[in-house]
Amino acid sequence: MLQKGKHFIMATTGINTYRRLWHFYLKSVRKRHCALKFALKEKLDQIGRTDLVEAIDEYEREREVVVQKENSKSSALEGPFFGREDLLQSVIGVLDEEQSYIHVICISGMPGAGKTRLAYEACHRLLRLHQLISVNLREITTVEAAFFAILHRLNVECKTYEPEVLFSLVKNFRPSKAAGAILLLDSADYLLDPGTRDKPNINSEPFIDLIRQAINLMNSQLKIVITSRTVTCFSLEGDNEMNLEDGVAMMKHHARNTDIDKDTCEGLVRFCGKIPLAIRVLGSRFQDGTIKPRIC
Ligand SMILES: Nc1ncnc2c1ncn2[C@@H]1O[C@H](COP(=O)(O)OP(=O)(O)OP(=O)(O)O)[C@@H](O)[C@H]1O
Ligand SMILES: [Mg+2]
């Protein structure tokens, strides 16, 4: 299910000084600008205001706890993540790798196979040091619309379709977090679909071209993750299915207190083709009592 590849697949003294430094500090927190933060602490240390240094450290610790809570909250919105550890580690490995060019990973697979979940899970595990910018391309059918959607998420206004604007933005993009940024282009289903011989998709080539040009730009701070139902030629093929054990754990989780014996549960997971979406839907139906767990 995972596709990866270079070519396709991101002092002084005085109260006013304190104020100014404090103002800088707050600004630096917002911008995650570590250098400024350390400079401020050093200055405060030099002038003997260890109480303020401690206050900053305290603030940092509290902030860390809040950020971690926030991160785990959003990743847990869809419930716990099951299995896929190898795949997850390879995605995380690529995203965390130092590269001089913009690296692109494409996760492809059938509907409900867990592409989006896998991508978000990988990003969430890196969120402490990486900035995540996600763009949902599900309803996007033209390269122009994709261009505007990406620019919109990057808070850049552009009224006309000019790929050069995107290239320059991508090339010069400086993330707000130390380790870099991940641009997640989710559900590029239609845009990567070549269509049929009778009815080719005239939008897929321009989109692939746009991505190709973007990834040849040098920016070690940016990685791009694309999820798509369409398997592209840049693929490193994997598996759509979960392994049986993880599928059973997922089914039991979604079925909550429903009593399902091991054999029945395994049979039901196989019946679902070991596809996460099917397992989730069926498990939830057991939970609300709509249907009873039984193999015919
Ligand atoms: N490894 C997993 N652990 C727990 N839940 C999962 C896992 N993989 C997928 N799911 C759940 O299964 C459902 C379908 O997954 P997801 O939306 O990621 O599929 P998809 O491949 O992106 O589908 P589509 O092609 O429609 O975009 C979601 O509710 C998701 O939370
Ligand atoms: Mg998806």
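Bear in mind the structure is a predicted one, so any value in this text is a computation, not a measurement.

Participant: Can you lay out the overall build of the chain for me, pointing to particular residues and giving the numbers?
Facilitator: Along its length, the chain carries 12 helices and 5 strands. About 16300 Å² of surface is accessible on the chain, with carbon and sulfur atoms providing 53% of the total.

Participant: Describe the nonpolar core, naming the residues involved and giving the relevant values.
Facilitator: The biggest cluster of nonpolar side chains holds 36 residues, and the ones touching the most others in it are Leu137, Leu183, Leu185, Phe207, Ile224 and Ile226. Only strand S2 (103–108), strand S3 (130–136), helix H6 (143–153), helix H7 (163–171), strand S4 (180–186), helix H8 (189–192), helix H9 (204–215) and strand S5 (222–228) provide two or more residues apiece to this core. Among the nonpolar cores identified, the runner-up in size contains 17 residues, and Leu87, Leu95, Ile107 and Leu126 belong to it.

Participant: Go over the pattern of salt bridges with me, naming the residues and quoting the values.
Facilitator: Counted according to the given criterion, the structure contains 11 salt bridges. For Lys41, the salt bridge goes to Asp57, with nearest N and O atoms at 2.6 Å. Here Asp57 lies in helix H3 (residues 50–76) and Lys41 lies in helix H2 (residues 34–46), a separation of 16 residues in the sequence. In this structure, the salt-bridge partner of Glu121 is Arg125, at a minimum N-O distance of 3.2 Å. With a gap of 4 residues between them, Glu121 and Arg125 both fall in helix H5 (residues 115–126), about one helical turn apart. Look at Arg125 and you get partly exposed, because its relative accessible area is 41%.

Participant: Give a description of the packing of aromatic side chains that names residues and reports values.
Facilitator: The description of an aromatic ring pair uses the distance of the two centres, along with the angle that the planes make with each other. Taken as a whole, this structure holds 2 aromatic pairs when the rule is applied. Each ring, one from Phe147 and one from Phe148, has its centre 5.1 Å from the other, and the planes form 75 degrees; the classification is edge-to-face. Note on Phe147: relative accessible area 0%, which makes it buried. Overall, the relative accessible area of 30% leaves Phe148 in the partly exposed class. Ring centres of Phe147 and Tyr161 lie 4.9 Å apart, and the angle between their planes is 90 degrees; this geometry places the pair in the edge-to-face category.

Parameters at a glance
- Residues numbered from 1 in each chain as written.
- Chains lettered and ligands numbered in written order.
- Predicted model: local features only at pLDDT ≥ 70, side-chain atom pairs only at ≥ 80, totals over all residues.
- Heavy atoms only, no water.
- Helix = DSSP H or I, 4+ residues; strand = E, 2+ residues; numbered from the N terminus.
- Areas by Shrake-Rupley, 256 points an atom, 1.4 Å probe, with all protein chains shown as cover.
- Core = buried A, V, L, I, M, F, W, Y, C linked by side-chain atoms within 4.5 Å.
- Buried < 20%, exposed > 50% of the residue type's maximum accessible area, 1.4 Å probe, protein only.
- Salt bridge = Lys/Arg side-chain N within 4 Å of Asp/Glu carboxyl O.
- Phe/Tyr/Trp six-rings, centres within 6.5 Å; stacked < 30°, edge-to-face > 60°.

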